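Examination of the molecular architecture
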Amino acid sequence: MSEKARVLIIDDDPDFVDGIRGVLEAAGYQVDAVYNPKAGFEALKRRPPDLLLLDILMGRGAEGVMLARKMRKDPQLSQIPTLIITGLREQIAFLFPGQAVHPHILAVDELMEKPVDPQLLLDRVKALLDAAARRRVAG
Amino acid sequence: MKAYSYFPGCSLERMAASYRLSAAETARALGVELRELEDWNCCGATAYFHIDELLAATLCARNLAMAEQEGLDLVTPCSGCYKNMYFTRAHLREDPDLAEHVNTALAEDGLQFRGTVQVRHLIEVLVQDVGLPEIKKRVTHPLRGLRVAPYYGCQILRPRKGREDDEQPRFFEDLLTTIGASPVDFPLRDRCCGGSLIVTHRQAALSMAYALLQDAIDHEAEVIATVCPLCQVNLECYQRHVNRTFGTNFGLPVLYFTQLLGLALGIPSQRLGIGKELISPAPVLARVGG
Amino acid sequence: MARTLTFEQEIANLFYAMDSNPVQACIQCGICSGTCPAVAFMQHSPRAIIAMIRAGQKKAVLASNTYWACASCYACSVKCPQGIDVAAMMYGLKRYSLWRNHYRTVPLGADFSRRFVRLITKYGRSYEPGLAAPYVLRHGFRGLLDEIRTALGLLRKGRLPLLPHRIKRAESLRRVIWQILPVGGRA
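Residues numbered from 1 in each chain as written. Chains lettered and ligands numbered in written order. Predicted model: local features only at pLDDT ≥ 70, side-chain atom pairs only at ≥ 80, totals over all residues.

A few words now on the domain arrangement of chain C. With domains assigned, chain C is organised as domain 1 (7-102) and domain 2 (107-180). Computed from C-alpha coordinates alone, the two centres of domain 1 of chain C and domain 2 of chain C are separated by 28 Å. (Domains from an automatic or database assignment.)

Dropping the structure here:
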């Protein structure tokens, strides 16, 4: 890839965003971040990124799920590879303890739980971007 | 006979059984048919909003969608349920994305929210739809001289729902006057009873209940009338705790407005659930022939 | 795009969907504190909490009991001359602290919320003894005696439910909830 791949982060936690932004930028990605789901959707529409990192619990509640559903219906956004990075399971473990979370709403969505291991994150990001590139060639 | 979908709310099943009985009896006597929603679920009270407002909206929307299937407006006697369902309806109508998200979830239960249902509080339906003149015609046992503190509480007035006067409401006083009672001046009538702080911050809730009880006593009320089961529990069931904490000796009965209304309509007190109180209203009611 | 976010902006983000002004509009008039029936039990008044949010005092705000002492009576919200929904902001703070596990300093309100939500996801309806019983020991010995006397009184009058009522379609309610909060495996 000649141009830097663009990654958009939608997550309400500034400490977490600062952390993974550093990791991704050091690996050569161009990173933008927005901190609430409404501004997040606007940023997606304005300039669809190559990859989206999406949080679940933000704003009023599990708005990441709502945002993913909205993306699915939008032809411009439905194919953006998305890595859902969430602490949801731990955040509401009191409700449904000990079980995995994966809504599978978008065409390509994968799930990673916080806290995130930097190398694992880079591997997953690269794999998702490579797969998207292969789909573009094939398509 | 005008019909409504009816959402009693969790408290009315047992804790506020007398509200359930008296609401049913007075509604029937006034020609209002309350058809209980089948398999309704909890409105989320106040606690759901701490976790996820989208979930809170979804829980309320399930009830709203079931009422829409019946094609009837939704009436509830609980101020908390009223506020939650009223604002869920408003938020879903204003936010199509949210409505669609919630509807995706409701589809799992074969339901859909369209936004056609209206949400009403029982006192509003009786005062506005039946109307005070009609109620007056049916009063057979006016509660002459009974000094009642009309306790509005919070959620029926706040947040503002856009059509009522939250600063100087009169409807409760007017209803009491209509049934022959004497509403006392009750400056704290719209101040909070403590709500769920009774569980999570006992000291704060008791002090809030104390302020209300003292205000009612200072204005020579013989009974407090409420429109909400939680207010009734905080003011009546915890009056003993208030007394011990503040060194007071209150023994002020707290009845649901439907119980007083029912008595005035000539319904026997037992059918209104009178007798289920921890602080008996019998001595006070005996004076007015209740 | 800003590289970091102030605490005030974080709170505004919790608030973004509200049909009211964010806290930036506050003029520190103190009407919210004046109308609050629980203010005497708050470590910082509502007005002070807003000032602290604006000053970026995240730790002190989250460590305070103020938002858990809010009874959600909305007296502040309807009186605010700047149209700030202060009660909704308190809900926002509860949410924020629960999500980030800051609640441990003032656990009762948070614990109650969790217990409540668990009850509803299981049964579909609320159940007073299940909510209140775990806390009776927190009210001291005299408090416990009062509690027992009240409970016995209610029991005698048939006002105490002995078992929670489970709605008929509890299973499909669980699936509905899963669509909003996808946790715990698909029902």
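Once that is clear, we can look at the interface of chain A and chain C. Taken residue by residue, the interface counts 24 residues in chain A and 19 residues in chain C. For the side of chain A that touches chain C, the secondary structure elements donating two or more residues are helix H1 (14-26), strand S2 (30-34) and helix H4 (88-91) of chain A. Class assignment of the residues belonging to the side of chain A that touches chain C gives a composition of 14 nonpolar, 4 polar and 6 charged. (Contact = placed C-beta atoms within 7 Å. Helix = DSSP H or I, 4+ residues; strand = E, 2+ residues; numbered from the N terminus. Nonpolar A, V, L, I, M, F, W, Y, C, P; charged D, E, K, R; others polar.)

Let us look at the environment of Pro 14 of chain A. Along the polypeptide, Pro 14 of chain A turns up in helix H1. Those residues in contact with Pro 14 of chain A, other than ones at most four positions away along the chain, are Tyr 35 of chain A together with Thr 4, Leu 5 and Glu 10 of chain C.

This part takes up the interface of chain C and chain B. Residue-level contacts link 54 residues of chain C with 50 residues of chain B. Those elements that provide at least two residues to the side of chain C that touches chain B are helix H5 (75-79), helix H6 (86-99), helix H7 (107-123), helix H8 (128-132), helix H9 (140-156) and helix H10 (170-180) of chain C. Of the residues belonging to the side of chain C that touches chain B, the class tally is 29 nonpolar, 13 polar and 12 charged.

On to the domain arrangement of chain B, then. All names here are of chain B. One can read the domain layout of chain B as domain 1 (2-121) and domain 2 (141-287). Computed from C-alpha atoms alone, the centre-to-centre distance between domain 1 and domain 2 is 24 Å. The interface of domain 1 with domain 2 comprises 24 residues on the first partner and 24 residues on the second. Elements represented by at least two residues in the side of domain 1 that touches domain 2 include exactly helix H1 (17-29) and helix H3 (79-94). Partitioned by chemical class, the residues of the side of domain 1 that touches domain 2 number 13 nonpolar, 9 polar and 2 charged.

What follows covers the pairing of strand S3 (residues 51-54) of chain A. On a regular strand, each side chain points to the face opposite its neighbour's, so the side chains alternate between the two faces of the sheet. All names here are of chain A. The alternating pattern of S3 places Leu 51 and Leu 53 on one face and Leu 52 and Leu 54 on the opposite face, and all of these are buried. Both strand S1 (residues 6-10) and S3 contribute to a ladder of 4 bridges, which runs parallel. Across the sheet, the residue bridging to Val 7 is Leu 51, located in S3. Judged from the 3 bridges that link them, S3 and strand S4 (residues 82-86) form a sheet pairing that is parallel. (Buried ≥ 20, exposed ≤ 12 C-beta atoms within 10 Å, placed from the backbone. Pairing = 2+ DSSP bridges.)

Here we take up the environment of Val 23 of chain C. All names here are of chain C. Take Val 23: it is sitting in the loop between helix H1 (7-14) and helix H2 (31-35). Distance in space between the C-alpha atoms of Val 23 and Glu 8 is 7.6 Å, their sequence separation being 15 residues. What Val 23 contacts, discounting residues up to four positions off in sequence, is Glu 8, Ile 11, Ala 12, Ile 50, Ile 53, Arg 54, Ile 84 and Met 89.

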